[in-house]
Amino acid sequence: MWDGITTGLTTAIMPFNIMMVVLGCFAGTFIGMLPGLGPISAVALMIPITYSLDPASGIILMAGVYYGAVFGGSTSSILINAPGCASTVVTAFDGYPMAQGRHAGKALALAAYSSFTGGTIGALVLLVAAPALASVSLSFQSSDYFALMVLGLTAVSAFSGEGKVLKAMSMTVFGLMIATIGTDVISGAPRFTFNNLDLVDGISFLLLAMATFALAEVIMTVLKGQYKEPEADMDMAELGSMTLTKAEIKEVAPTVARSSIFGFIVGVLPGAGATIASFLAYGLERNLAPKHLKKQFGRGALRGLAAPETANNAASTGSFVPLLTLGIPGSGTTAIMLGALIAYGIQPGPRLFVDNPDVFWSVIISMYFGNLVLLILNLPLIPYISRLLIIPRPILTPLILFFSITGVYLVSFNTFDIHMMVIITVIAIFLRLLDFPMAPMLLGFILGGIMENNLSRALIISDGSLSFLWERPLTLTIILISGLVLVMPLLIKVAEKIGWLGHKKKLKTVSGSDGHVD
């Protein structure tokens, strides 16, 4: 292994390859900032360029574009509530409220630090444990993935406000229903397509996210009468402030540490990816937060911003484990990179770090350099990027609409998607006026397809019996944890109520005739 690391280090620090890292990070960051053009589009745009490069340099360039796009996607999420890519949707939950509260600089800085930490920890773990982690990801079967998705759905309480658990659950079911539109992967039968060929492939997550967040946010702003010019005395220094106090660092440090490891583990699992990692990390942190901090989630909580930003970058690094060691793409972006490796004549799999150690180890080592480059590139730009918030609303609103609609159209080049986007936006506005949360719907939609496919496979293997839920210890353990997480909020409320009643009895007093407490 040490010989391979030495080979990879020698390859990664070559001036040309360092230039590829810088170029990839720079291009990825700016492509990621554009709503709709996420890492998949960014990496796809690089494929024609990489044909003229040697395999190590080409994959290093695409890897830099990949985590650069994930890194840059948080910018549009925080500033204009229009996620740059699917994995930064959760970033908008607390990042956008921070920007609205005149803390855009702090939000962008925290996102940068969290992304750097998550990506760096992920790269170090990948460097040491990549071959061993391959066997872990291979041990997961269909029943385990199904149980894992059920565990993910129990995080719905994290996306619901006070007293909105039933609304959040109904929106999760709505998201699961939307996920069933399209072609059944197992049988190949079309479902809920109404004989419309445009619905055969289902509804894309990007379309759903843009409609429910970017477009709906713009229209809700107009409906609520908030469509006005920025305040003339808005303090640009305050917008561009990047200072985190010691107390704030102390608050987010455990969150960043947990989300780095958690995000990396989720990223290692084939098919999970950065989007699921960011949702689950947010849910985990919200459930672990003390009661007084839990109420801040969705209103500008530092933990709520740090968790998904750390997890999605750690997961992006973790997704290289199944790609490089098993030849299984862990996400849509790594699927494109798998195609690029095969085009080079390199077969990813267990023998890659033996047959092509320069490619295997140089990509892993370049990840650390890439995260460092991203931090150096982005921190000086934050005060200038924050100025986006003082663009007059009559100008900013059409820009958001333009980038959102263009971003969705460029994915499929189908005008039907724009029509569907408008329909979903109208439904989202109606639901938001009734105070239904949008995040649980996205969570249900993301996990629905993966959950259904793995449930179908598990049922086929077990001849239609539900015994797969308890036959494997790993599946049973995850299901039990899911049940515990689901009832935990109820148990906590019961415990609090009992404690409150006992406390009230101790404080019971008698009021005298003069009105004073005896």
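The protein is annotated in an unreviewed UniProt entry as Integral membrane protein from Vibrio caribbeanicus ATCC BAA-2122.

**Student:** Pulling in residues and values, what's your account of the overall build of the protein?
**Tutor:** In terms of regular secondary structure, the protein is built from 24 helices and two strands. In the protein, which comprises 518 residues, the proportion classed as buried is 52%. Considering only residue pairs separated by 6 or more positions, the protein has 78% of its internal contacts joining residues 24 or more positions apart. Summed over its atoms, the accessible surface of the protein is roughly 22800 Å², and 70% of this surface lies on carbon and sulfur atoms.

**Student:** Lay out the side chain of Arg 191 with the relevant residues and their values.
**Tutor:** Of note, Arg 191 is situated in strand β2 (residues 190-191). One polar contact links the side chain of Arg 191 to the main-chain carbonyl oxygen of Thr 180, over a distance of 3.2 Å. Excluding residues that lie within four positions of it along the chain, Arg 191 makes contacts with Thr 180, Ile 181, Gly 182, Asp 184 and Glu 452.

**Student:** Can you tell me about the nonpolar core, naming the residues and giving the values?
**Tutor:** If you look at soluble globular proteins, the nonpolar side chains tend to sit buried side by side. One finds Phe 320 and Met 337 to be the most contacted residues of the largest nonpolar core, which totals 136 residues. Not counting the four nearest positions on each side in its chain, Phe 320 is found in contact with Ala 63, Tyr 66, Leu 126, Thr 325, Met 337, Val 363 and Met 367.

**Student:** Can you explain helix α7 (residues 142-153)? Please cite residues and give values.
**Tutor:** Counted at 1.5 Å a residue, the expected span for α7 with its 12 residues is 16 Å, and the 17 Å between its end C-alpha atoms agrees. α7 sits mainly inside the fold: 10 of its 12 residues count as buried. Among all positions of α7, only Ser 142, Ser 143, Asp 144, Tyr 145, Phe 146, Ala 147, Leu 148, Met 149, Gly 152 and Leu 153 are buried.

**Student:** Account for the UniProt feature "transmembrane region" (unreviewed entry) in the protein, naming residues and giving values.
**Tutor:** Mapped onto this structure's residue numbering, the UniProt feature "transmembrane region" (unreviewed entry) falls at residues 108-133, 145-161, 173-190, 202-223, 261-284, 359-382, 394-412 and 474-495. When the span residues 202-223 is considered, its composition is 86% helix and 0% strand, and the gap between its end C-alpha atoms is 30 Å. Span residues 359-382 is 88% helix and 0% strand, its end C-alpha atoms 34 Å apart.

**Student:** Quick rundown of the environment of Asn 17? Include the residues and the values.
**Tutor:** In this fold, Asn 17 is placed in helix α2 (residues 15-33). Here Asn 17 is in contact with Thr 11, Ala 12, Ser 57 and Ile 60, once residues within four sequence places are set aside.

**Student:** Could you give me a rundown of the packing of helix α4 (residues 55-80) against helix α18 (residues 357-378), with the residues and numbers involved?
**Tutor:** Close contact between α4 and α18 brings their axes to 9 Å; oriented N to C, the two are set at 40°. Viewed along their axes, α4 and α18 adopt a mutual orientation that is oblique. Along this stretch, α4 crosses α18, giving a crossing that reads as right-handed. Judged by residue contacts, Pro 55, Ala 56, Ile 59, Ile 60, Ala 63, Tyr 67, Gly 68 and Phe 71 of α4 engage Val 359, Ser 362, Val 363, Ser 366, Met 367, Gly 370, Asn 371, Leu 374 and Asn 378 from α18. Its residues assigned to classes, the contact of α4 with α18 comprises 11 nonpolar, six polar and no charged.

Parameters and conventions
Residues numbered from 1 in each chain as written. Predicted model: local features only at pLDDT ≥ 70, side-chain atom pairs only at ≥ 80, totals over all residues. Heavy atoms only, no water. Helix = DSSP H or I, 4+ residues; strand = E, 2+ residues; numbered from the N terminus. Buried < 20%, exposed > 50% of the residue type's maximum accessible area, 1.4 Å probe, protein only. Contact = heavy atoms within 4.5 Å. Areas by Shrake-Rupley, 256 points an atom, 1.4 Å probe, with all protein chains shown as cover. Polar contact = N/O pair within 3.5 Å; in protein donor to acceptor, adjacent residues only side chain to side chain. Core = buried A, V, L, I, M, F, W, Y, C linked by side-chain atoms within 4.5 Å. Expected span 1.5 Å × (residues − 1). UniProt positions renumbered as here; feature names shortened; annotations may be inferred. Axes fitted to C-alpha atoms, helices over the stretch in contact; angles between N-to-C directions. Parallel < 35°, antiparallel > 145°, perpendicular 65-115°, else oblique. Left-handed = near helix turned anticlockwise from the far one by under 90°. Nonpolar A, V, L, I, M, F, W, Y, C, P; charged D, E, K, R; others polar.

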